[in-house]
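So you can see what is in the structure, the chains are spelled out below.
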Amino acid sequence: MSVALPPSPREDEPFIDTRNGAGNEGISAMEMEEGTSTSTSSRKENIRLKCFGVDMSPDNVAIAMVYFVQGVLGLARLAVSFYLKDNLHLDPAETAVITGFSALPWLVKPLYGFISDSIPLFGYRRRSYLVLSGLLGAVSWSLMATFVDSKYSAACCILLSSFSVAFSDVVVDSMVVERSRGESQSVSGSLQSLCWGSAAFGGIVSSYFSGSLVDAYGVRFVFGVTALLPLITSVVAVLVKEQCVLGPSRVPNVLLGNSSFLESTKERIIQLWNAFRQPHVFLPTVFIFLWQSTPQSDSAMFFFTTNKLGFTPEFLGRVNLVTSVASLVGVGLYNGFLKNVPLRKIFLATTISGSLIGMTQVFLVTGLNRKFGMSDEWFAIGDSLILTVLGQASFMPVLVLAAKLCPEGMEATLFATLMSVSNGGNVLGGLIGAGLTKAFGITRDRFDNLATLIILCNLTSLLPLPLLRLLPPDDSDADPQVGREKGEDICKYHGTVTTTNDS
């Protein structure tokens, strides 16, 4: 898919046509027209809006808006947490399990990538799936606002909502990868900064209201408002510039067992395996999985801050606002200062810093912050701000690396595979955290061992650091051609072999 260029201004300049005549006059008019067209195109190109250094073409606007929706859907995050805790009366471990269960759609993202790449829906590989994803999201939150009344039905609706976001994420990621392939780390970083900056801005928009609306109107009202937001994804899908795909790849032929489709499916699976098993793809993926799979204590901390410290939904909404701003700061920090820094150095610095700062949550649990004259509220805000900045800055290079490793022709599938492995590590970390929460006897009202859990979780985050050598070395990471050449070396499409050019 290509970035849309400004339309030719020729048809917008009728006064040139009135001067056309025969012979040299006609030629002169044509030359004037071409010169004016070139000049106008140049002016349009120069005044085109940019964000994070990226031209905001219609395609890029659609990408940014889909990520914005992902961020603004955080409006329901607090409502879901309070619904599970107060309405369904679940304990921290059960809440963590449901949260992990809702992340399952993110573990099979390669399937969505394969479907998007291989099976056009109504003739389109990107646009139609964005429309469908938005509609599914609206249905899921509408059910949460009306009929859901048990932990099982809630888990199913949250799962459906997660599926809709995950599918749209795969589609829009494939568009990003198409623009990142073969580019330098700096250009790829700008694209990822646009994506995650948009998501952070969406989080800022929704964060404060996420708490105040729960306080004022209740969780059902918030779910109803949230049901409107996925429709934005359906609307902006019309901005995606894509040619209609005709012929044997249409869905009806697929359902009838078209032999060419089956052959193409087999070929793509082989391509995916050949790409994934390459050391320059597989080894960094192993590190990312281990880095994401360390245990987490988020659910236990939520119950502690609400049941023990008495944090209200409105205050937690303000904390979410701070973390959303911090996420945007993290994106800006990476885009401005870190996108040319080798991955190994970024991971080493942010992981050690995050582990040390994460230990400060023990102060909040034990009350040591109050002995230093800092209230629980201000300490929680400051702690969340710093940890979010570090977390976002450390996650950005993961996206850049994944995008640079994807070969042409299966962008959505391979990128989704890499992100699914990352998400799988995150889910595993949450489930391990849930198990530790249960093992330490932490419940809705008992938090005696919460400090121990926090220390253990932060110490284990350091365990993957000896495996940093699995990431690309500094010189490869800085070379814009490395990812493209390695990707192209292993690609085979429709019976042709794409090879690198020796220079």
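Residues numbered from 1 in each chain as written. Predicted model: local features only at pLDDT ≥ 70, side-chain atom pairs only at ≥ 80, totals over all residues. Heavy atoms only, no water.

## Things to note about the overall build of the protein chain
Note the following rule: The secondary structure listing takes helices from DSSP runs of H or I that are at least 4 residues long and strands from runs of E that are at least 2 residues long, numbered from the N terminus. The buried label applies to any residue whose accessible area, calculated with a 1.4 Å probe on protein chains only, is under 20% of its type's maximum; exposed applies above 50%, and partly exposed to all values in between. Contacts are residue-level and defined by heavy atoms, with any inter-residue pair within 4.5 Å sufficient.
Per the secondary structure count, the protein chain includes 24 helices and four strands. When the 503 residues of the protein chain are sorted by exposure, 53% land in the buried category. For the protein chain, the share of sequence-separated contacts (at least 6 apart) that also reach a separation of at least 24 residues comes to 85%.

## Describing unusual backbone geometry
At histidine 89, a position not held by glycine, the phi torsion is positive, near 55 degrees. Tracing the backbone shows histidine 89 in the loop between helix 4 (77-87) and helix 5 (92-102). The backbone of phenylalanine 122 shows a phi angle near 55 degrees, a positive value even though the residue is not glycine. One can find phenylalanine 122 in the loop between helix 6 (109-118) and helix 7 (127-146).

## Observations concerning the side chain of serine 210
Threshold: Here a polar contact means two N or O atoms within 3.5 Å. Within protein one must be a hydrogen donor candidate and the other an acceptor candidate, and residues neighboring in sequence count only if both atoms are side-chain atoms.
In this structure, serine 210 sits in helix 9 (residues 185-217). Judged by its relative accessible area of 1%, serine 210 falls in the buried class. Among the polar contacts made by the side chain of serine 210, one reaches the main-chain carbonyl oxygen of serine 207 at a distance of 2.4 Å. Other than its neighbours up to four places away in sequence, serine 210 contacts Gly74, Leu75, Leu78, Gly317 and Asn320.

## Some remarks on a nonpolar patch on the surface
Which entries qualify depends on this criterion: Residues forming no salt bridge and having over 30% relative accessible area are the ones grouped into patches, like charges within 9 Å of each other and nonpolar side chains (Val, Leu, Ile, Met, Phe, Trp, Tyr) within 5 Å. In this description, accessible areas are obtained by the Shrake-Rupley approach with a 1.4 Å probe, and a residue is regarded as covered only by the protein chains that are shown. The salt bridge criterion pairs a side-chain nitrogen of Lys or Arg with a carboxyl oxygen of Asp or Glu, the two atoms within 4 Å.
The grouping of Leu348, Ile352, Leu356, Ile455, Leu459 and Leu462 at the surface amounts to a nonpolar patch, some 480 Å² of accessible area in total. For the nonpolar patch, the elements supplying multiple residues, two or more each, are helix 17 (343-358) and helix 22 (450-460). Of all the elements, helix 17 adds the most residues to the nonpolar patch, at three residues. Along the polypeptide, isoleucine 455 turns up in helix 22.

## Examining the confidence of the model for the protein chain
Put simply, the test is: Within a predicted model, pLDDT stands for the predictor's per-residue confidence, ranging from 0 to 100.
In this model, the protein chain carries an average pLDDT of 76, and 76% of its residues clear a pLDDT of 70 or more. Averaged pLDDT values for the elements of the protein chain fall to 29 in strand 4 (residues 496-497) and rise to 94 in helix 10 (residues 219-226). This model gives residues 475-503 a pLDDT under 50, and the stretch forms 41 contacts once residues within four places in sequence are excluded.

## Notes on the environment of glycine 441
Position of glycine 441 relative to the elements: it lies in the loop between helix 21 (411-439) and helix 22. C-alpha of glycine 441 to C-alpha of alanine 93: the two residues are 348 residues apart in sequence and 9.8 Å apart in space.

## Section: the packing of aromatic side chains
Formally: Here a Phe, Tyr or Trp ring, Trp counted by its six-membered ring, pairs with any other such ring whose centre lies within 6.5 Å, and the pair is stacked when the planes are under 30 degrees apart, edge-to-face when over 60, and tilted otherwise. Geometrically, a lysine NZ or arginine CZ counts as sitting over a ring once it is within 6 Å of the ring centre and also within 35 degrees of the ring normal.
A complete count under the given rule lists 15 aromatic pairs for this structure. Between phenylalanine 82 and phenylalanine 302, the aromatic rings sit 5.4 Å apart at their centres with planes inclined by 75 degrees, giving edge-to-face as the arrangement. Taken together, the positions of phenylalanine 82 in helix 4 and phenylalanine 302 in helix 15 (residues 298-308) put the pair 220 residues apart, joining distant regions of the chain. Across the pair, phenylalanine 302 and phenylalanine 82 agree in class, each one buried. Plain terms: the ring middles of tyrosine 83 and phenylalanine 223 are 5.9 Å apart, the flat faces sit at 80 degrees to each other, and that makes the pair edge-to-face. Pair noted here: tyrosine 83 is in helix 4 and phenylalanine 223 is in helix 10, with a separation of 140 residues, a long-range link. For the pair formed by tyrosine 83 and phenylalanine 223, the shared burial category is buried. Among the aromatic side chains, those forming a connected cluster through ring pairs are Tyr112, Tyr129, Phe163 and Phe167. We note arginine 127 situated over the ring of tyrosine 124; from NZ or CZ to the ring centre the distance is 4.5 Å.

## Digging into the pattern of salt bridges
By the definition in use, this model includes five salt bridges. Linking glutamate 314 and arginine 318 is a salt bridge whose minimum nitrogen-to-oxygen distance equals 3.3 Å. One end of the pair, glutamate 314, and the other, arginine 318, are both in helix 16 (residues 313-338), four residues apart, so they sit about a helical turn from each other. A relative accessible area of 40% means that arginine 318 is categorised as partly exposed. Across the pair arginine 446 and aspartate 448 runs a salt bridge, and its minimum N-O distance is 3.5 Å.

## So, helix 4
Among the residues of helix 4, those classed as buried are Leu78, Ala79, Val80, Phe82, Tyr83, Leu84 and Lys85. Positive phi shows up at histidine 89, right after helix 4, with a value of about 55 degrees.

## So, the nonpolar core
Basically, it comes down to this: Joining through side-chain atoms within 4.5 Å is the link that ties buried Ala, Val, Leu, Ile, Met, Phe, Trp, Tyr and Cys residues into a set, and such a set is a nonpolar core.
By size, the foremost hydrophobic cluster in this structure holds 52 residues, and its most contacted members are Ile63, Tyr83, Leu84, Trp141, Met144 and Phe223. Secondary structure elements with two or more residues in this core: helix 3 (58-72), helix 4, helix 7, helix 8 (151-180), helix 9 and helix 10. No other element matches helix 8, which puts twelve residues into this core. Not counting the four nearest positions on each side in its chain, tyrosine 83 is found in contact with Leu88, Met144, Val148, Asp149, Ser150, Ala154, Val219, Arg220 and Phe223. Formed by 27 residues, the second largest nonpolar core is a distinct cluster that contains Val177, Leu401, Ala402 and Leu418.

## Some words on the side chain of serine 161
In this fold, serine 161 is placed in helix 8. Sequence-distant contacts of serine 161, defined by excluding residues within four places in its chain, comprise Ser140 and Trp141.

## Brief notes about the packing of helix 5 against helix 15
Working note: a packed helix pair is described by the angle between its axes plus the distance between those axes. Worth spelling out the cut-off: A fitted line through C-alpha atoms represents every axis, and for helices the fit uses only the stretch in contact; the resulting angles, taken between N-to-C directions, go from 0 to 180 degrees. Roughly parallel means an angle under 35 degrees; roughly antiparallel, over 145; roughly perpendicular, 65 to 115; everything else is oblique. By the definition used in this description, the sense in which the near helix is turned from the far one sets the handedness, with an anticlockwise turn below a right angle giving left-handed and a clockwise turn giving right-handed. Gly is placed with the polar residues, together with every amino acid not listed as nonpolar (Ala, Val, Leu, Ile, Met, Phe, Trp, Tyr, Cys and Pro) or charged (Asp, Glu, Lys and Arg).
It is the contact of helix 5 with helix 15, at a shortest axis distance of 8 Å, that shows an interaxial angle of 130 degrees. With respect to helix 15, the element helix 5 is oriented oblique. Like other packed secondary-structure pairs, helix 5 and helix 15 cross with a definite hand, here right-handed. Here helix 5 contributes Pro92, Thr95 and Ala96 to the contact with helix 15, which in turn contributes Ser299, Ala300 and Phe303. Tallied by class, residues from the contact of helix 5 with helix 15 come to four nonpolar, two polar and no charged.

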